[in-house]
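Survey of secondary and tertiary structure
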Amino acid sequence: MSNINPFDKCPVYETNNLIFRKVEEKDAIDLFQCYSDPITKKRMNNDNCGGVWDTHNIDAVINGIKGWKREFNDRFYIRWSINHKQTNKIVGTIEIAPVPNTTRFLDGTCQTGILRIDIISSLENKIVLSEILTMVSDKFYSDFDIKNIIIKATKDDKERVSALENNGFDKLKDSTFPYRDYYVKRK
């Protein structure tokens, strides 16, 4: 477990090509490009999110960002913007949320985090996804005191499935989990 609670000071993570920092309203224009991308929209995971994520305009994205910030302030989950260093553009987001959603990270009960990766389709490939998954594997188990990370990937999303398999994620075969098409990586 990390010595710093990520809800006291949201960590910034960095890889060779990407910087992950807590999402902010100023990211809305770039994120609108991501969330209005029809391929990205098709791949988004809204399981257990309580609604449809409809980003028909910038205001909808700004409202989404405000909601993500409220969840952070309530110490429930964290959503980071993904800054692509080469272009200096926000190209998507990642999130880690507790499973089940009745638990909280660092409460001694939460063992699993659900990872959501929403990235513009032009960058959703094995290389970029593997870079994200490596960072997640290196940081999230200790920073959030969890033993498992789960993520959704349908068989049609070949790049994501390949990246997951290449990074030690296995198809989740737990029949008690209420959603389908998930992969898990255990600490």
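For the structure, see preceding data.
In this text the structure is predicted, and so the values were computed from the model without any measurement.

Helices and strands together make up the secondary structure of the chain, namely five helices and eight strands. Start at the N end of the chain and walk to the C end: the helices and strands fall as β-β-α-α-α-β-β-β-α-β-α-β-β. Taking 187 residues into account, the globule formula puts the C-alpha radius of gyration at 16 Å, and the chain, at 15 Å, falls close to it. Considering the chain as a whole, with its 187 residues, one finds that 51% of them fall into the buried category. Taking as baseline every contact in the chain between residues at least 6 positions apart, the subset at least 24 positions apart corresponds to 65%. Just so you have it, the chain exposes about 9700 Å², and 47% of that area is on carbon and sulfur atoms. Here the chain contributes 29 positive and 27 negative side-chain charges, whose respective centroids are spaced 1 Å apart.

Time to look at the pattern of salt bridges. Applying the stated criterion across every chain yields a total of 11 salt bridges. Arg-21 is the salt-bridge partner of Asp-27, the closest N and O atoms lying 2.6 Å from each other. We note that Asp-27, like Arg-21, is buried. Across the salt bridge formed by Lys-26 and Glu-24, the nearest N and O atoms sit 3.6 Å from each other. Take Lys-26: its relative accessible area is 65%, and that puts it in the exposed class. Residue classification places Glu-24 among the partly exposed positions, given a relative accessible area of 29%. Residues participating in the shared-partner salt-bridge network are Arg-79, Glu-95, Arg-116 and Asp-118.

One open sheet accounts for eight strands, arranged β1-β2-β3-β4-β5-β6-β8-β7; its pairing is mixed. Every other strand in the sheet has two partners, leaving β1 (13–14) and β7 (170–171) as the edge strands with one partner each. In this structure, strand β2 (residues 18–22) lies alongside strand β3 (residues 78–84), joined through five bridges in antiparallel fashion. If you follow Lys-22 over to β3, its bridge partner there is Trp-80. Packing against the sheet, helix α1 (residues 28–35) makes contact with β3, β4 (89–99) and β5 (112–119), and its axis sits at approximately 80 degrees to β4.

What follows covers the nonpolar core. One finds Trp-80, Ile-94, Ile-132, Phe-140 and Phe-144 to be the most contacted residues of the largest nonpolar core, which totals 38 residues. Per-element accounting of this core gives the leading share, nine residues, to helix α4 (residues 126–144). If you look at the next biggest cluster of nonpolar residues, it comprises 19 residues, including Leu-31, Trp-68, Phe-76 and Tyr-77.

As a further point, take the environment of Asp-145. Topologically, Asp-145 is positioned in the loop between α4 and β6 (148–152). Linking Asp-145 and Asn-88, residues 57 residues apart in sequence, is a C-alpha distance of 31 Å.

The next thing to look at is the side chain of Thr-112. Of note, Thr-112 is situated in strand β5. The contacts of Thr-112, once residues within four sequence positions are left out, are Ala-97, Pro-98, Val-99, Phe-105, Ile-146, Asn-148 and Ile-150.

Within β3, seven of the seven residues are buried, which leaves it mostly tucked inside the rest of the structure. The two faces of β3 match: Ile-78, Trp-80, Ile-82 and His-84 on one face and Arg-79, Ser-81 and Asn-83 on the other face are all buried. Sheet topology note: the β3/β4 ladder contains seven bridges and is antiparallel. Considered in β4, the bridge of Asn-83 is made with Ile-90. Between β3 and β4, which follow one another and run antiparallel, lie four residues, and Asn-88 among them has a positive phi close to 55 degrees.

Attention now goes to helix α3 (residues 58–73). Residues separated by three or four positions in an α-helix point in the same direction, a consequence of the helix having 3.6 residues per turn. In a regular helix each residue adds 1.5 Å, so 16 residues correspond to 22 Å; α3 covers 23 Å between its end C-alpha atoms and thus fits that length. Here α3 has its buried residues at Ala-60, Val-61, Gly-64, Ile-65, Gly-67, Trp-68 and Phe-72. Projected down its long axis, α3 shows its buried positions confined to an angular sector of 160 degrees, all on one face. In α3, the exposed residues that point more than 90 degrees away from the buried face are Asp-59, Arg-70 and Asn-73. Here the buried face of α3 lies against β2, α1, β3 and β4. For α3, the N-terminal capping position is held by Asn-57, with its side-chain oxygen 3.0 Å away from the main-chain nitrogen of Asp-59. In the stretch just after α3, Arg-75 is the one whose phi turns positive, near 65 degrees.

What counts and how
- Residues numbered from 1 in each chain as written.
- Predicted model: local features only at pLDDT ≥ 70, side-chain atom pairs only at ≥ 80, totals over all residues.
- Heavy atoms only, no water.
- Helix = DSSP H or I, 4+ residues; strand = E, 2+ residues; numbered from the N terminus.
- Rg over C-alpha atoms; globule rule 2.2 N^0.38 Å.
- Buried < 20%, exposed > 50% of the residue type's maximum accessible area, 1.4 Å probe, protein only.
- Contact = heavy atoms within 4.5 Å.
- Areas by Shrake-Rupley, 256 points an atom, 1.4 Å probe, with all protein chains shown as cover.
- Lys, Arg positive; Asp, Glu negative; His and termini not counted.
- Charge placed at Lys NZ, Arg CZ, Asp CG, Glu CD.
- Salt bridge = Lys/Arg side-chain N within 4 Å of Asp/Glu carboxyl O.
- Pairing = 2+ DSSP bridges.
- Axes fitted to C-alpha atoms, helices over the stretch in contact; angles between N-to-C directions.
- Core = buried A, V, L, I, M, F, W, Y, C linked by side-chain atoms within 4.5 Å.
- Expected span 1.5 Å × (residues − 1).
- Arc of directions from axis to C-beta.
- Polar contact = N/O pair within 3.5 Å; in protein donor to acceptor, adjacent residues only side chain to side chain.

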